[in-house]
Amino acid sequence: MKMKAYMAFAKKSFLQKSAYRMEHWMGILNTLIRLVIYVEIYRALYGAREAVDGITMSMVTTNFILSLGMESFFVVDDFYLSYRIGNGSIASEMLLPVSFHGRMLADNLGTAAFKLIFHFIPAMLVAVLFIGISAPAGAASMGLFVLSVLFGYGVLWSISFMFQMFSFWLINVWAIMTIKNVFINVLSGAMIPLWFMPESMKNVIKFTPFESIYFTPVQIYLGKITGAEIAGGFIKQIIWIVCLLGIGMILWHKGQKKLVVQGG
Amino acid sequence: MSFIEVKEVSKTFKVNKRSAGIPGMIANMFVPKFENKKAVDGISFDIESGEMVGFIGPNGAGKSTTIKMLSGILCPDSGSISVNSYVPYRQRKEYVAGIGVVFGQKSQLQWDLPVIDSFELLKAIYRIPEEMYKKNLKRYTDMLDMGGFINQPVRQLSLGQRMRSDIVASLLHSPKIVFFDEPTIGVDVIGKETIRSFIRELNEKDKITMIFTTHDMQDIEQTCKRILIIDKGSLLYDGSLQEIRNKYGTTRQLIAEFNEDTEVTPIENVMIGDPKDRKRSFTFDNSVVDVNALMHEILGKYSIRDITVTEPEIETIIRKIYNKEVFA
Ligand SMILES: Nc1ncnc2c1ncn2[C@@H]1O[C@H](COP(=O)(O)OP(=O)(O)OP(=O)(O)O)[C@@H](O)[C@H]1O
Ligand SMILES: [Mg+2]
């Protein structure tokens with residue numbers, strides 16, 4: 001089975017991750033600190049009010065816990081390709097009888113699995129115990145939520161994948177990755193719940209892939225969208241994944257012809 | 001159709017040319033100047049299955065670039081390559097499953113893992129059957145005497161140990177074709193000897209087709225029958241090593257040590273050197289002058305203490321070809 005090769009990569013990156021213990025604890029701390037800051041800001045803004053525009057404080061809290069929770073194991077490596085082109089190790093990668101993208105995904109998923117177990121779960125336990133989270137709208141909502149989390153990760157990964165392909169033309173992709181990540185941070189709902197965006201902004205965000213990453217799953221979890229809207233959310237996620245991967249693949253094929261290997 | 005077919009292949013690199021210093025840097029930011037560097041310039045050759053070919057040429061000649069195109073890493077700008085009826089660059093994934101490549105200058109092993117773990121990873125990646133893996137691992141590690149360091153992380157290995165590990169790594173999946181780009185670089189005399197006889201055995205016993213680049217002519221002499229010489233991206237020579245010797249290695253030097261200071265009369269077609277410690281050199285072309293006759297003449301005419309005849313080393317001949325003193 002071909003899967004075995006990719007499983008081996010995933011396993012390797014899972015094990016490699018466990019070597020960085022300090023980084024790991026700092027990661028959990030980082031998630032919790034951000035969570036507390038975001039929640040406290042909104043608590044101050046809410047003051048004594050029960051709800052703002054029909055959004056309760058507990059919905060806001062739940063949004064942050066879920067978004068930051070997902071973020072903690074949504075592993076992408078924006079510099080995976082550019083690093084390998086930069087130091088010439090792309091040559092060794094191309095000599096392996098596996099697809100480069102499959103390998104990159106396997107590496108990321110291996111790390112993601114590690115983060116899911118050792119970052120997401122402990123951080124969630126602390127958050128749920130000490131801050132509190134709303135229960136899912138129902139068993140069905142919970143199931144659909146998990147499914148849309150998977151697609152959400154797919155969208156995030158595909159965005160990174162497409163932008164990484166510029167590594168063939170640019171020596172340094174740091175600038176475009178930073179800009180990309182600012183957009184993701186601001187427009188995905190992880191920092192500012194999208195309910196509070198002005199109407200005009202919401203209309204713009206609708207046409208971007210960003211809300212599909214964290215916000216769509218949160219909406220499903222809370223039961224804020226139902227029926228046809230949920231289906232719409234899934235369709236959007238899938239369309240974005242297909243489009244971004246498609247563009248990425250076209251760029252990959254163009255870039256490969258241009259590939260230059262550094263060093264003798 | 002030959003096993004490996006390379007037809008009119010070229011590869012150009014775009015190199016950013018900027019003048020030195022800060023003004024050059026600033027100018028380059030606004031109007032970058034590019035220069036096209038032809039690394040490989042229309043080379044063609046065929047290699048049959050089971051052949052072992054030495055690929056030599058001075059630094060920057062285009063050897064590594066050619067190997068990278070042959071192994072599907074780089075895409076040629078023009079021309080065509082077919083190996084075992086694959087187009088390497090286009091069918092990369094399927095193609096590389098059947099080849100082995102070693103870049104002596106760059107390890108392909110996992111830097112932070114013990115050698116054996118890298119091998120296990122390759123076993124999974126190439127989906128090598130357990131039995132074949134065990135057999136190859138045992139055979140190759142024994143042949144290259146790797147028992148002592150197979151459990152050490154790659155980053156702790158000496159250059160020669162790392163090289164042997166890289167060579168084994170490239171062979172675990174039993175490829176039919178292997179490209180070695182400088183597999184003896186930085187390896188000591190004994191290590192080189194081990195690698196050479198290892199390579200020879202692979203070719204003779206296992207009939208693995210090989211291309212082998214090196215700067216050490218001893219490597220070539222002891223392993224390859226056929227050589228390709230490349231310079232500035234063009235092929236200078238394609239033929240047997242013996243042929244080169246026959247063609248350009250006909251110069252002989254006879255050194256005679258006289259018993260006393262002696263004047264020597266000129267001999268036709270022989271260049272006679274100035275005396276030094278009662279020794280004189282007689283340089284001639286052995287396709288023109290018969291060694292036996294010359295020796296007889298000298299021994300008959302003069303009182304001689306010692307006499308030796310030397311033939312040029314292959315290195316000397318290759319140097320002459322690189323320097324364009326002779327044309328291949
Ligand atoms: N990534 C690159 N960018 C620009 N030029 C390159 C690049 N790689 C190689 N070249 C140029 O292409 C030419 C051929 O290089 P190549 O590495 O194929 O030489 P080589 O024959 O392997 O030399 P050596 O014996 O030193 O290893 C050189 O002039 C080199 O400067
Ligand atoms: Mg080279």
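Our subject is the structure that appears above.
Draft legend 1. Spatial organisation of a nonpolar patch on the surface. Residue and element names in this part refer to chain A. On the surface, Met 22, Met 26, Leu 29, Ile 33, Ile 37, Ile 41 and Leu 45 cluster together into a nonpolar patch covering about 700 Å² of accessible area. Residue placement: Ile 37 occurs in helix H2 (residues 21-46). Ile 37 sits in the partly exposed class, given a relative accessible area of 44%.

Draft legend 2. Fine view of the environment of Ser 197 of chain B. Tracing the backbone through its elements, the reader meets Ser 197 of chain B in helix H7 (residues 189-206). For Ser 197 of chain B, a relative accessible area of 32% gives the class partly exposed.

Draft legend 3. Examining the interface of chain A and chain B more closely. Between chain A and chain B, the contact holds 29 residues from the first and 29 residues from the second. Of the roughly 2,500 Å² buried where chain A meets chain B, counting both sides, 60% is carbon and sulfur surface. Taken together, the links from chain A to chain B amount to 0 salt bridges. For the pair chain A and chain B, the number of links is 6 residue pairs in polar contact (both at pLDDT 80 or more).

Draft legend 4. Fine view of the site of ligand 1. Close to ligand 1 lie 15 residues, the nearest being Asn 59, Lys 63, Ser 64, Thr 65 and His 215 of chain B. More than one chain reaches ligand 1: its neighbouring residues belong to chains A and B. Note that an oxygen atom of ligand 1 is positioned 2.9 Å from one of the backbone N or O atoms of Gly 62 of chain B. A distance of 2.5 Å separates an oxygen atom of ligand 1 from a polar side-chain atom of Thr 65 of chain B. Of all the elements in the fold, those that place two or more residues in the shell around ligand 1 are strand S2 (33-47) and helix H2 (63-70) of chain B. No other element matches H2 of chain B, which puts 3 residues into the shell around ligand 1. Each residue belonging to the shell around ligand 1 can be placed in one class, and the counts come to 5 nonpolar, 7 polar and 3 charged.

Draft legend 5. Quick look at the pattern of salt bridges. Residues and elements named next belong to chain B. Enumeration over the complete set of coordinates arrives at 31 salt bridges over all chains. The salt bridge partner of Glu 51 is Arg 226, with a shortest N-O separation of 3.1 Å. In this pair, Glu 51 is assigned in the loop between S2 and strand S3 (52-56) and Arg 226 in strand S8 (residues 226-231), connecting sequence segments 175 residues apart. A relative accessible area of 22% means that Glu 51 is categorised as partly exposed. By relative accessible area, which is 13% here, Arg 226 ends up buried. Here Arg 278 ties to Asp 261 by a salt bridge, and the two come within 3.7 Å at their closest N and O atoms. Separated by 17 residues along the polypeptide, Arg 278 in the loop between strand S11 (271-272) and strand S12 (279-285) and Asp 261 in the loop between strand S10 (251-258) and S11 bring together distant segments of the chain. Classification of Arg 278 by relative accessible area gives partly exposed; the value is 41%. Where salt bridges share partners, they join Lys 192, Glu 193, Arg 196, Asp 216 and Asp 219 into one cluster.

Draft legend 6. Looking closely at the side chain of Ser 212 of chain A. Residues and elements named next belong to chain A. Along the chain, Ser 212 falls in the loop between helix H9 (199-205) and helix H10 (215-222). Since its relative accessible area comes to 1%, Ser 212 is described here as buried. Apart from the residues lying within four places of it in its own chain, the contact partners of Ser 212 are Gly 152, Val 155, Pro 217, Lys 236, Gln 237 and Trp 240.

Draft legend 7. A look at the packing of helix H4 (residues 115-125) of chain B against helix H5 (residues 130-143) of chain B. All names here are of chain B. Close contact between H4 and H5 brings their axes to 11 Å; oriented N to C, the two are set at 145°. Considering only the axes of H4 and H5, their crossing is right-handed. Along its contact with H4, which presents Ile 116, Phe 119, Glu 120 and Lys 123, the element H5 presents Glu 130, Tyr 133 and Leu 137. The residue makeup of the contact of H4 with H5, split by class, is 4 nonpolar, no polar and 3 charged.

Draft legend 8. Quick peek at the sheet that holds S2 of chain B. All names here are of chain B. The 3 strands are arranged S2-S1-S4 in an open sheet whose pairing can be described as antiparallel. At either margin of the open sheet sits one strand with a lone partner, and together these are S2 and strand S4 (78-83). Averaged over all pairs of adjacent strands, the angle between strand axes in this sheet comes to 30°, irrespective of strand direction. For strand S1 (residues 4-17) and S2, the ladder comprises 11 bridges, and the chain directions are antiparallel. Paired with Asn 16 across the bridge in S2 is Phe 34.

Draft legend 9. Region of the structure containing unusual backbone geometry. Backbone geometry at Asp 53 of chain A places phi at a positive 50°, although glycine is not the residue there. Inspection of the secondary structure puts Asp 53 of chain A in the loop between strand S1 (51-52) and strand S2 (55-56). For Asp 145 of chain B, which is not a glycine, the phi torsion comes out positive at approximately 55°.

Draft legend 10. Fine view of the environment of Met 210 of chain B. With respect to the secondary-structure elements, Met 210 of chain B resides in strand S7 (residues 209-213). In sequence terms Met 210 of chain B and Ala 20 of chain B are 190 residues apart; their C-alpha atoms lie 43 Å from each other.

Draft legend 11. Looking closely at the packing of helix H3 (residues 57-73) of chain A against helix H6 (residues 100-130) of chain A. All names here are of chain A. In the contact formed by H3 and H6, the axes pass within 8 Å of each other and the chain directions differ by 155°. Here H3 is positioned roughly antiparallel relative to H6, judged by the angle of their axes. For the pair H3 and H6, the crossing hand works out as right-handed. Facing H3, whose interface residues are Ile 65, Gly 69, Met 70, Ser 72 and Phe 73, H6 presents Ala 112, Lys 115, Leu 116, His 119, Phe 120, Met 124 and Ala 127. Broken down by class, the residue content of the contact of H3 with H6 amounts to 8 nonpolar, 3 polar and 1 charged.

Draft legend 12. Molecular detail of the sheet that holds S11 of chain B. Residues and elements named next belong to chain B. The sheet built from 4 strands is open, its strands ordered S11-S12-S10-S13 with antiparallel pairing. Every other strand in the sheet has two partners, leaving S11 and strand S13 (304-310) as the edge strands with one partner each. In the sheet, S10 pairs with S13 via 6 bridges, with the strands oriented antiparallel. When the sheet's bridge partners are listed, Phe 258 is paired in S13 with Ile 304. Sheet strands in contact with helix H10 (residues 291-301) are S10, S12 and S13, and its direction is about 165° off that of S13.

Draft legend 13. Quick peek at the pairing of S10 of chain B. Residue and element names in this part refer to chain B. Every second residue of S10 is oriented toward a common face, the buried set being Arg 252, Leu 254, Ala 256 and Phe 258 and the non-buried set Thr 251, Gln 253, Ile 255 and Glu 257. Bridge analysis of S10 against S12 gives 7 bridges, and the strand direction is antiparallel. Its bridge partner lying in S12, Leu 254 is registered against Phe 282.

Draft legend 14. Representation of the packing of aromatic side chains in the model. Counted according to the given criterion, the structure contains 25 aromatic pairs over all chains. Look at Phe 145 of chain A and Tyr 221 of chain A: their rings are 5.2 Å apart centre to centre, the planes differ by 65°, and that puts the pair in the edge-to-face class. With Phe 145 of chain A in helix H7 (residues 139-164) and Tyr 221 of chain A in helix H10, the pair connects residues that are 76 residues apart, well separated along the chain. Side by side, Phe 145 of chain A and Tyr 221 of chain A carry an identical accessibility label, which is buried. Note on Phe 180 of chain B and Phe 212 of chain B: the rings are 6.4 Å apart at their centroids and 70° apart in plane angle, and the pair reads as edge-to-face. On the criterion of sequence distance, the pair formed by Phe 180 of chain B in strand S6 (residues 177-181) and Phe 212 of chain B in strand S7 is long-range, its members being 32 residues apart. For the pair Phe 180 of chain B and Phe 212 of chain B, one class covers both residues: buried. If you follow Arg 84 of chain A out to its NZ or CZ, it ends over the ring of Tyr 80 of chain A, 3.7 Å from the centre. Over the ring of Phe 103 of chain B we find Lys 68 of chain B; its NZ or CZ atom is 6.0 Å from the centre of that ring.

Rules of the game
- Residues numbered from 1 in each chain as written.
- Chains lettered and ligands numbered in written order.
- Predicted model: local features only at pLDDT ≥ 70, side-chain atom pairs only at ≥ 80, totals over all residues.
- Heavy atoms only, no water.
- Patch = residues over 30% accessible without salt bridge, like charges linked within 9 Å, V, L, I, M, F, W, Y side chains within 5 Å.
- Areas by Shrake-Rupley, 256 points an atom, 1.4 Å probe, with all protein chains shown as cover.
- Salt bridge = Lys/Arg side-chain N within 4 Å of Asp/Glu carboxyl O.
- Helix = DSSP H or I, 4+ residues; strand = E, 2+ residues; numbered from the N terminus.
- Buried < 20%, exposed > 50% of the residue type's maximum accessible area, 1.4 Å probe, protein only.
- Contact = heavy atoms within 4.5 Å.
- Buried area = accessible area lost by both parts, 1.4 Å probe.
- Polar contact = N/O pair within 3.5 Å; in protein donor to acceptor, adjacent residues only side chain to side chain.
- Near = heavy atom within 4 Å.
- Nonpolar A, V, L, I, M, F, W, Y, C, P; charged D, E, K, R; others polar.
- Axes fitted to C-alpha atoms, helices over the stretch in contact; angles between N-to-C directions.
- Left-handed = near helix turned anticlockwise from the far one by under 90°.
- Pairing = 2+ DSSP bridges.
- Parallel < 35°, antiparallel > 145°, perpendicular 65-115°, else oblique.
- Phe/Tyr/Trp six-rings, centres within 6.5 Å; stacked < 30°, edge-to-face > 60°.
- Lys NZ or Arg CZ within 6 Å of the ring centre and 35° of its normal.

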